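Coordinate inspection notes
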Amino acid sequence: KQLMARGLPKQKPLAGVKQVIVVASGKGGVGKSTTAVNLALGLSANDPDKTVGLLDADVYGPSIPKLMNLKGNPEVTEKNLMRPLVNFGIPCMSMGFLVEETAPIVWRGLMVMSAIEKLLRQVDWGNLDYLVVDMPPGTGDVQLSISQNIPVSGAVIVSTPQDIALLDARRGAEMFRKVNVPVLGFVQNMSVFQCPNCQHQTHIFGADGARDLARTLGVEVLGDIPLHLSIREMSDKGQPVVVSSPDSPEAEAYRNVASAV
Ligand code: ADP
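The name given to the protein chain in an unreviewed UniProt entry is Iron-sulfur cluster transfer protein NUBPL, with the source organism recorded as Albula goreensis. Quoted verbatim from the Cofactor (unreviewed entry) field of the UniProt record, the comment on the protein chain reads "[4Fe-4S] cluster". Its UniProt record, at the heading Subcellular location (unreviewed entry), says of the protein chain: "Mitochondrion".

1. Describing the overall build of the protein chain
What the protein chain contains, in helices and strands, is nine helices and nine strands. For the protein chain, whose C-alpha radius of gyration is 17 Å, the value lies close to the compact-globule estimate of 18 Å for 261 residues. Overall size of the protein chain, expressed as C-alpha extent along the three principal axes, is 60 × 40 × 35 Å. Counting only residues that meet the buried cut, the protein chain has 48% of its 261 residues in that class.

2. Side note on the nonpolar core
Core analysis: the largest hydrophobic core is formed by 78 residues, its most contacted members being Val132, Val133 and Val156. Per-element tally for this core: the top contributor is helix H1 (residues 32-46), with seven residues. Valine 132 has contacts with Ile21, Val23, Ala36, Leu39, Ala40, Val52 and Leu54, leaving out every residue within four places of it along the chain.

3. Let's talk about the site of the ligand
Near the ligand you find 18 residues, and of these Gly31, Lys32, Ser33, Thr34 and Arg232 are the closest. Mapped by element, the contributors of at least two residues to the shell around the ligand are H1, strand E7 (183-194), strand E9 (221-227) and helix H7 (229-236).

4. Focus on the packing of helix H3 (residues 109-121) against helix H4 (residues 141-149)
A pair of packed helices is characterised by two quantities: the angle between their axes and the separation of those axes. Running from amino to carboxyl end, H3 crosses H4 at an angle of 45°, the nearest separation of the two axes being 10 Å. As summarised for this structure, H3 and H4 are arranged oblique, according to the angle between their axes. Helix-helix and strand crossings are classified by hand; for H3 and H4 the assignment is right-handed. Where H3 approaches H4, its residues Gly109, Val112, Met113, Ile116, Glu117 and Leu120 are matched on the opposing element by Asp141, Val142, Ser145, Ile146 and Asn149. Residue composition of the contact of H3 with H4, grouped by class: six nonpolar, three polar and two charged.

5. Re unusual backbone geometry
For phenylalanine 88, which is not glycine, the phi dihedral falls at a positive 50°. Here phenylalanine 88 lies in the loop between strand E3 (85-87) and strand E4 (90-94).

6. Section: H1
For H1, which comprises 15 residues, the first-to-last C-alpha distance of 20 Å matches the rise-based estimate of 21 Å (1.5 Å per residue) to within 8%. Across the 15 residues that make up H1, a large majority, 14, are buried.

7. Here we look at helix H5 (residues 163-178)
The first and last C-alpha atoms of H5 sit 23 Å apart over 16 residues, in line with the 22 Å expected at 1.5 Å per residue. Listed in full, the buried residues belonging to H5 are Ala165, Leu166, Ala169, Gly172, Ala173, Met175 and Phe176. Elements that come into contact with the buried residues of H5 comprise strand E1 (17-25), H4, strand E6 (154-159), E7 and helix H6 (209-217). Directly after H5, the chain includes asparagine 180, whose backbone phi takes a positive value near 65°.

8. Things to note about the confidence of the model for the protein chain
With 96% of its residues at a pLDDT of at least 70, the protein chain reaches an overall mean of 90. Confidence drops under pLDDT 50 across residues 1-5; counting only partners more than four residues distant or on other chains, this segment forms seven contacts. Scored by ipTM, the complex comes to 0.99, with pTM at 0.93.

9. Some thoughts on the packing of H1 against helix H9 (residues 249-260)
Axis separation between H1 and H9 bottoms out at 8 Å; the angle between their running directions is 75°. Relative to H9, the element H1 is oriented roughly perpendicular. On H9, the residues touching Asn38, Leu39, Gly42, Leu43, Ala45 and Asn46 of H1 are Tyr254, Arg255, Val257, Ala258 and Ser259. Tallied by class, the residues present in the contact of H1 with H9 amount to six nonpolar, four polar and one charged.

10. Remarks on the pairing of E6
Counting buried positions along E6 gives six out of six residues, so the element sits mostly inside the fold. Side-chain alternation along E6 places Gly154, Val156 and Val158 on one buried face and Ala155, Ile157 and Ser159 on a second face that is also buried. With five bridges connecting them, E1 and E6 associate as parallel partners. Across the sheet, residue valine 22 finds its bridge partner in E6, namely alanine 155. Two strands pair when backbone bridges link them, and E6 and E7 are joined in this way by five bridges, in the parallel orientation. Following the sheet pairing, serine 159 is matched in E7 by glutamine 188.

Scoring rules and cut-offs
Residues numbered from 1 in each chain as written. Predicted model: local features only at pLDDT ≥ 70, side-chain atom pairs only at ≥ 80, totals over all residues. UniProt positions renumbered as here; feature names shortened; annotations may be inferred. Helix = DSSP H or I, 4+ residues; strand = E, 2+ residues; numbered from the N terminus. Rg over C-alpha atoms; globule rule 2.2 N^0.38 Å. Buried ≥ 20, exposed ≤ 12 C-beta atoms within 10 Å, placed from the backbone. Core = buried A, V, L, I, M, F, W, Y, C linked by C-beta atoms within 7 Å. Contact = placed C-beta atoms within 7 Å. Near = placed C-beta within 6 Å. Axes fitted to C-alpha atoms, helices over the stretch in contact; angles between N-to-C directions. Parallel < 35°, antiparallel > 145°, perpendicular 65-115°, else oblique. Left-handed = near helix turned anticlockwise from the far one by under 90°. Nonpolar A, V, L, I, M, F, W, Y, C, P; charged D, E, K, R; others polar. Expected span 1.5 Å × (residues − 1). pLDDT = per-residue confidence, 0-100. Pairing = 2+ DSSP bridges.

Pasting the structure below:
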């Protein structure tokens, strides 16, 4: 599906970047970062000719360094831009490359805006077909600042099928609509757990919550990701399933989300 960048007048595109896709969630811990990483890798796996970058906009709790198995400080180019760190063919930028892993990130609102601005614009992204942005959870300053700063092609909202997560996902969807960012759809994460011993399937967080909400809001469901041990284990090792076990149903689920975007 062709994405259309709907820029407001004061938005300035990122040089060399064609489409910005933000991955958001109403609350933390629902699998947003895991989805962002596997979506970026899925976009690239589905069409190896496309170039994909990944920006960790979760400045308070950056998880891209760990998920993408990247460490270190970015080099600075002659043009005074930071060079992204690259793994699995994906250039990545994260506040985690700029501060100590254990350092508390205690910032006032304006500092957050300026950090985001730097992570977006003072980076030598090269030519990208897609920049996937891992947003912080919730509906705060960072989400607004990104939506107002650059033309965002669309938002992917990750939620579990559980009521409490869905309430926040709804808030997220409404916020993006308010700032004219098209909601591409929901990803329903952890929808089913299949017992590895007896293959019995259990809907630990409910079955169809995100689907029902999507219907109510007139939003698409881009896919269902099962609750699966290998997704957690591989994420912890910095070996996302789309690259580490490309033949698994989990990897296929993420690639399907990437083709629906
Ligand atoms: P968020 O970015 O929403 O805070 P994360 O992507 O960091 O969430 O995921 C939270 C935890 O859940 C991580 O340990 C991650 O590995 C795990 N996780 C996410 N999605 C799945 C899944 N589908 N199956 C199993 N574990 C998952």
